[in-house]
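Spelled out from the first residue to the last, the chains are:
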Protein chains: 2
Amino acid sequence: MRLLHLGDLHFGKVVNSFSMLEDQRYVLEQVKSYIKTYQPDALLLAGDIYDRSVPPARAVALYSEFLKEVLVELKTPVLAVAGNHDGADLINFGHELFEAAHYYVAGRYTKEIKKVVLRDEFGPVNFYLLPFADYAVVRELHEDETVKSLDDAMRVTLAANPIDATERNVLLTHAFVVGQSEEILISDSEKKLVVGGKESVSSAYFEAFDYVALGHLHRTQKVGSDKIRYSGSLLKYSFSEEQYHKSVTMIDLDEAGKLSCELLPLTPLRDMKTIKGTLEELLALPRCEDYLRIVLLDKGELIEPMAKLRKNFPYVMMLELEQNNQAFKGSQLTKQARQQKTAEQLFSDFYEHHKGEALSEAAKTSIQTIIKEVRKESCE
Amino acid sequence: MRLLHLGDLHFGKVVNSFSMLEDQRYVLEQVKSYIKTYQPDALLLAGDIYDRSVPPARAVALYSEFLKEVLVELKTPVLAVAGNHDGADLINFGHELFEAAHYYVAGRYTKEIKKVVLRDEFGPVNFYLLPFADYAVVRELHEDETVKSLDDAMRVTLAANPIDATERNVLLTHAFVVGQSEEILISDSEKKLVVGGKESVSSAYFEAFDYVALGHLHRTQKVGSDKIRYSGSLLKYSFSEEQYHKSVTMIDLDEAGKLSCELLPLTPLRDMKTIKGTLEELLALPRCEDYLRIVLLDKGELIEPMAKLRKNFPYVMMLELEQNNQAFKGSQLTKQARQQKTAEQLFSDFYEHHKGEALSEAAKTSIQTIIKEVRKESCE
């Protein structure tokens, strides 16, 4: 059985104020072309289909169009799960009805892992569709107080849904999976989720599966074993990914469930890369329509460098000064410089910038309390 | 052929801060029960499925569940169009795929009216699914500069999609349709759309159809002819509707396309009604869990009347004083009183209430400019 595994589509994502819809449409053409060429038995979408639980209408239209093309025109079944970025109910919409069209989707975990059976000449392959679910949801559904992390949730979920190891079994899920001694390659786009330690899931739970198609990490990689894989995101969504190559993962499962794997490369409409130089040097370069992070090496003051650069580089996403100087204080404070400061410091700077006086000690204490509360809420 | 016609479901609507989801779920049980009893050949949903283009997740889940029950459990095809409240792309999601499950939906008008053919013992019945579309959209699609109103849009749309009058034809659409000399019964919930005159559509365009299943107006009514009908909203969504009875419309089309019609009543979980009396009189009444507009007849000052009333009437939606007095100034200003003031006056009052001083003339001028701009934007 041949499978095409994609993850982290993030339809509707906006990166540094640029909508990625056109870029997403562009690489989807390549995905469809691979489907035409390699004729997989199914397309697997391992979560984070949308970038937000309430995606923009155009992202919904893009996914709808893609599904129609794959299912109706290319006659290829699609199996999908929701990721942590997706709205469970939106992904779940009409899921019972879509099965007639061979679109099998699990948006919301409901104690039973959705099982879909596809067949090839050697017999059945069982697909288990396990969407992202917060561990508190799993704890409540299974009435199991021992569930205190996503790792616990995976343990309990899989234990409650035993598989028949004499058949071939594939798990499709969305999680931050770590091997025994594996180096995990994460990017800025998913860093936020990783902090805290409660987020990771041991690969040890996946022993019984012949293939585990993962979503969540944006870099293409295997976890411990060849059969546990991230296909990675369709596009670079952060400059921390600029050195990586994007691909989709093609898997062939033989009669015994033995696996061979091929990475099929994706070429973006616009690459994402960093260029460095003085303003003068950069303006002498040929026009470039990639998404750029520009690091200026100039020492002195610069007059409207962004306006000048945009003429040559219309898709500048970030502009930084290697040696931070006066010219870029205030509203031009670079992202890099911002990231080195705490939220408290940033607020103090902002206040001082606008009011011309320092924040009082009492105000500082208030701000700290507010920031703590906001952080707490956004982690819940 | 037997049809059950519903309109204006408005899933996810919030009326005076109360979510209607539970109420909607309650009447949907009655709809399903009618489907079980009367076994229609199809369920028609005439737009405004959701209350907003981006509905809350629970509304999406409610509609998904309802569709599954009607299509899978009750084995009844569903035909639906988007209304002016719906997001075209959201309603359109997966529409080609859903057809395999006998859910036929048109969310976005694309120059061709979607045609669905169902059959009974007398032959085919053609259903034309025409979603709400702004006239500017129709003008652009048809490249027709004469389209300057929704009436023009309907004329051009229907002219471009001719029907075979020798067969039976049903139109499912969402519009404010007016007959020649008909009294139109509108409620507060849809008043906003009607203002301006560009919104109404003549019923004259519908002559060729055997039945026109309309959505948009919330009161059950026919327009000019028995065969052009609003089923009305599932629930009362405004106190202007309190005297009306809600129902779904059952239509039987005979071999010749001749029509008989029956209104099947819906009973709400909580009715919507107005009660009047002094605070003392009302507190002596038996507990009532309907949605209430309470008009107090007291003359003197009242201390926390809402808190007292809530104990007896937990679902008070509006509280008014027949003779407006001091006790209800400020945050307790009633809706009725608010509606009698201009936006400029309301802002002046608000400013004075918070700052303890009157708005300066310069500030008044600024506010007027801002209000004008906001109005202009919200009309565009």
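Just so it is clear, the model here is predicted, and its values are computed rather than measured.

1. Overview of the overall build of chain A
Of regular secondary structure, chain A possesses twelve helices and 19 strands. Counting the 380 residues in chain A, one finds 52% classified as buried. Taking as baseline every contact in chain A between residues at least 6 positions apart, the subset at least 24 positions apart corresponds to 65%. When the accessible surface of chain A is totalled, it reaches about 18300 Å², and 49% of it is carbon and sulfur.

2. What about the pattern of salt bridges?
Oppositely charged side chains may form a pair once their charged atoms are brought near each other. As enumerated under the stated definition, the model contains 42 salt bridges over all chains in all. Between B:Arg168 and B:Asp120 there is a salt bridge, with its nearest N and O atoms 2.7 Å apart. Placement of the pair is B:Arg168 in strand β9 (residues 168-174) and B:Asp120 in strand β7 (residues 114-120), with a sequence separation of 48 residues. When sorted by exposure, B:Arg168 lands in the same class as B:Asp120, which is buried. When salt bridges that share partners are traced, they join A:Glu22, A:Arg270, A:Arg287 and A:Glu289 into one network.

3. Here we look at the interface of chain B and chain A
Between chain B and chain A, the residue contacts involve 22 residues of the former and 22 residues of the latter. Across the interface of chain B and chain A, roughly 1900 Å² is buried in total on both sides, 79% from carbon and sulfur atoms. Here chain B is connected to chain A by two residue pairs in polar contact (both at pLDDT 80 or more). Of all the secondary structure elements, the ones that give two or more residues to the side of chain B that touches chain A are α2 (57-73), α3 (88-92) and α4 (95-98) of chain B. Considered class by class, the residues forming the side of chain B that touches chain A number 15 nonpolar, three polar and four charged.

4. Concerning the relation of the copies chain B and chain A
With an axial shift of 0.1 Å and an RMSD of 0.5 Å, the rotation relating chain B to chain A amounts to 180 degrees. Here the symmetry operator amounts to a two-fold rotation axis. Most of the interface of chain B is mirrored in chain A, where 100% of its interface residues are also at the interface.

5. Digging into the packing of helix α1 (residues 21-38) of chain B against α2(B)
All names here are of chain B. The interhelical angle for the contact between α1 and α2, taken along N-to-C directions, is 10 degrees, at an axis separation of 11 Å. On the basis of their axis angle, the class for α1 and α2 is roughly parallel. Facing Leu 21, Gln 24, Arg 25, Leu 28, Val 31, Lys 32 and Ile 35 of α1, the residues of α2 in contact are Arg 58, Ala 59, Leu 62, Phe 66, Glu 69 and Val 70. Residue classes in the contact of α1 with α2 are distributed as eight nonpolar, one polar and four charged.

6. Brief notes about the sheet that holds strand β14 (residues 225-230) of chain B
All names here are of chain B. Taking strand neighbours across the sheet as the criterion, the six strands line up as β7-β8-β9-β12-β14-β13 in an open arrangement whose pairing is mixed. A strand with exactly one partner marks an edge of an open sheet, and here the two such strands are β7 and β13 (221-223). Each neighbouring strand pair of the sheet contributes to a mean axis angle of 30 degrees, computed without reference to strand direction. Where β13 meets β14, three bridges bridge the pair, whose relative direction is antiparallel. Each bridged residue has a counterpart across the sheet, and for Gln 221 the counterpart in β14 is Tyr 230.

7. Here we look at the packing of helix α5 (residues 135-142) of chain B against helix α6 (residues 150-160) of chain B
Residue and element names in this part refer to chain B. Across the interface, α5 lies against α6 with an axial gap of 9 Å and an inter-helix angle of 40 degrees. In terms of orientation, α5 and α6 fall into the oblique class. As for the relative orientation of α5 and α6, their crossing is left-handed in sense. Listed contacts from α6 to Tyr 135, Val 138 and His 142 of α5 are Leu 150, Ala 153, Val 156, Thr 157 and Ala 160. In terms of residue class, the contact of α5 with α6 is built from six nonpolar, two polar and no charged.

8. What about the environment of A:Lys246?
Residues and elements named next belong to chain A. Mapped onto the fold, Lys 246 is located in the loop between β14 (225-230) and β15 (247-253). Once the C-alpha coordinates of Lys 246 and Arg 219 are considered, the two residues, 27 residues apart in sequence, prove to be 7.6 Å apart. Setting aside residues no more than four positions away along its own chain, Lys 246 makes contact with His 218, Arg 219, Ser 233, Leu 234, Leu 235, Lys 236, Glu 241, Pro 265 and Leu 266. At 2.6 Å, the side chain of Lys 246 forms a polar contact with the side chain of Glu 241.

9. Some points on the sheet that holds strand β18 (residues 291-296) of chain A
Residues and elements named next belong to chain A. Judged by pairing direction, the sheet is parallel, and its three strands sit side by side in the order β17-β18-β19 without closing on themselves. Taken across any chain shown, the strands that pair with only one partner, and hence form the sheet edges, are β17 (272-277) and β19 (316-321). Across the sheet, the axes of successive neighbouring strands diverge by a mean angle of 15 degrees, strand direction being ignored. As paired strands, β18 and β19 are joined by five bridges and run parallel to one another. The residue of β19 that forms the bridge with Arg 293 is Met 318. Those strands touched by helix α9 (residues 305-312) are β18 and β19, and its axis lies near 135 degrees from that of β19.

Cut-offs applied
Residues numbered from 1 in each chain as written. Chains lettered and ligands numbered in written order. Predicted model: local features only at pLDDT ≥ 70, side-chain atom pairs only at ≥ 80, totals over all residues. Heavy atoms only, no water. Helix = DSSP H or I, 4+ residues; strand = E, 2+ residues; numbered from the N terminus. Buried < 20%, exposed > 50% of the residue type's maximum accessible area, 1.4 Å probe, protein only. Contact = heavy atoms within 4.5 Å. Areas by Shrake-Rupley, 256 points an atom, 1.4 Å probe, with all protein chains shown as cover. Salt bridge = Lys/Arg side-chain N within 4 Å of Asp/Glu carboxyl O. Buried area = accessible area lost by both parts, 1.4 Å probe. Polar contact = N/O pair within 3.5 Å; in protein donor to acceptor, adjacent residues only side chain to side chain. Nonpolar A, V, L, I, M, F, W, Y, C, P; charged D, E, K, R; others polar. Least-squares fit on C-alpha atoms with pLDDT ≥ 70 in both. Axes fitted to C-alpha atoms, helices over the stretch in contact; angles between N-to-C directions. Parallel < 35°, antiparallel > 145°, perpendicular 65-115°, else oblique. Pairing = 2+ DSSP bridges. Left-handed = near helix turned anticlockwise from the far one by under 90°.

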